[in-house]
Amino acid sequence: MDFRTALNLVAAGLGVALLPRLLLLDAPPSVVALPMRQPTFVRRLYTCRFDTRGVSASIRRLEMYLREVVAEL
């Protein structure tokens, strides 16, 4: 789960790795990134909050925005 370490190991010539696209934005020039075509990977993202009876409007709004953004990924 330490993606930065995995990227540095790849940059040092010590292996290959499956990494999130965002991490590759500042990848060393020696790293070659190839998109995965098949199979399609699924990533599940979760929000966590206290289990309370009442959820504030701001928390509901944040959860709504997060769902919208994730739907675009």
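Above this text sits the structure in question.
Residues numbered from 1 in each chain as written. Predicted model: local features only at pLDDT ≥ 70, side-chain atom pairs only at ≥ 80, totals over all residues. Heavy atoms only, no water.

(A) The overall build of the protein chain, seen in detail. What the protein chain contains, in helices and strands, is two helices and zero strands. What you see for the protein chain is a C-alpha radius of gyration of 17 Å, clearly larger than the 11 Å of a compact globule of 73 residues, by over 25%. When its C-alpha atoms are laid out on the principal axes, the protein chain stretches across 50 × 25 × 20 Å. Looking at the protein chain residue by residue over its 73 residues, the buried ones come to 5%. (Helix = DSSP H or I, 4+ residues; strand = E, 2+ residues; numbered from the N terminus. Rg over C-alpha atoms; globule rule 2.2 N^0.38 Å. Buried < 20%, exposed > 50% of the residue type's maximum accessible area, 1.4 Å probe, protein only.)

(B) Looking closely at a nonpolar patch on the surface. A cluster of nonpolar side chains, namely L18, M36 and F41, defines an oily patch on the protein surface of about 350 Å² accessible area. Relative to the helices and strands, M36 is located in the loop between α1 (3-11) and α2 (57-71). (Patch = residues over 30% accessible without salt bridge, like charges linked within 9 Å, V, L, I, M, F, W, Y side chains within 5 Å. Areas by Shrake-Rupley, 256 points an atom, 1.4 Å probe, with all protein chains shown as cover. Salt bridge = Lys/Arg side-chain N within 4 Å of Asp/Glu carboxyl O.)

(C) Region of interest: the pattern of salt bridges. Enumeration over the complete set of coordinates arrives at one salt bridge. The closest approach of N and O atoms between R4 and D26, which form a salt bridge, is 3.4 Å. Of the two residues, R4 is situated in helix α1 and D26 in the loop between α1 and α2; the sequence distance between them amounts to 22 residues.

(D) Examining the side chain of E63 more closely. For E63, the position within the fold is in helix α2. Accessibility expressed as a relative area gives 14% for E63, which makes it buried. In contact with E63, other than residues within four places in its own chain, are T47 and R49. (Contact = heavy atoms within 4.5 Å.)

(E) Highlighting the environment of R43. Of note, R43 is situated in the loop between α1 and α2. Assessed through its relative accessible area of 62%, R43 is described here as exposed. Sequence separation between R43 and G54 is eleven residues, and the spatial gap between their C-alpha atoms is 29 Å.

(F) Highlighting the environment of L19. The residue L19 is located in the loop between α1 and α2 in this model. We classify L19 as partly exposed; its relative accessible area is 22%. Separated by 42 residues in the primary sequence, L19 and R61 have C-alpha atoms spaced 30 Å apart. Ignoring anything within four residues of it in the chain, the contact list for L19 reads F3, A6, L7 and L24.

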